[in-house]
Amino acid sequence: MSAYVIARLRKGELHPEVAEYIERIPATFEPYGGRFLVHVTPHEVLEGSWEEDVVMIGFPGLDEARAWWDSAAYQEIAPLRKRHLDGDIILIKGVPEGYDATKTAAALRDLLKG
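Since we're looking at a predicted model, the values are computed, not measured. (Residues numbered from 1 in each chain as written. Predicted model: local features only at pLDDT ≥ 70, side-chain atom pairs only at ≥ 80, totals over all residues. Heavy atoms only, no water.)

### Observations regarding the overall build of the protein
Where we set the bar: Per the convention used, a helix needs a DSSP run of H or I reaching at least four residues, while a strand needs a run of E reaching at least two, with both numbered from the N terminus. Between the two quantities, the radius of gyration covers C-alpha atoms and the globule rule is 2.2 Å times the number of residues to the power 0.38. Think of it in three bands: residues with accessible area under 20% of the maximum for their type are buried, residues over 50% are exposed, and the middle band is partly exposed, with areas taken using a 1.4 Å probe on protein chains only. By definition in these notes, contact holds between two residues if any of their heavy atoms fall within 4.5 Å. All accessibility values rest on the Shrake-Rupley procedure with a 1.4 Å probe; residue burial counts only the protein chains present in the view.
When you go through the protein residue by residue, the secondary structure sums to four helices and four strands. Counting helices and strands in the order they occur from the N terminus, the protein gives β-α-β-β-α-α-β-α. Here the C-alpha radius of gyration of the protein, 17 Å, is well above what a compact globule of 114 residues would show, namely 13 Å. Here the C-alpha coordinates of the protein stretch approximately 55 × 35 × 20 Å along the principal axes. Counting only residues that meet the buried cut, the protein has 26% of its 114 residues in that class. Within the protein, contacts between residues separated by at least 24 positions form 77% of all contacts whose residues are at least 6 apart in sequence. Just so you have it, the protein exposes about 7,900 Å², and 56% of that area is on carbon and sulfur atoms.

As structure tokens, this is what we get:
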């Protein structure tokens, strides 16, 4: 089942280390089957507020995503980002193929019945 690393990054100072990080990061996740799905592209806020930039990397599964995050290659370049961009980063499992939200709603209704 797919997994995703999602970063919500606050605007930071432009710095050569950030450019180096961006140049080097693709090579770190490629061995784990990762790829950019979203990379600081413009977004439209539909509800609430969201000033931060969004980055989303897809992986074949949680194991690959965790292995990438813990890899020496990624940990070597992570400080280049951390020194200049603050934000929140999560790892999340995707839904399985054929996921049916109506089944989740039915389970919720059963719980609500008590």
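After that view of the structure, there is still more to cover.
### Section: the pattern of salt bridges
For the record, the criterion: Definition used for salt bridges: Asp or Glu carboxyl oxygen within 4 Å of a side-chain nitrogen of Lys or Arg.
Summed over the entire model, instances satisfying the criterion amount to seven salt bridges. Put simply, Arg24 and Glu76 hold a salt bridge, and the shortest N to O gap is 2.6 Å. Of the two residues, Arg24 is situated in helix H1 (residues 16-29) and Glu76 in helix H3 (residues 72-82); the sequence distance between them amounts to 52 residues. Judged by its relative accessible area of 29%, Arg24 falls in the partly exposed class. Among the ionic contacts, a cluster of salt bridges with common partners joins Arg8, Arg10, Asp86 and Asp88.

In short, shape yes, function no, at least from these values alone.
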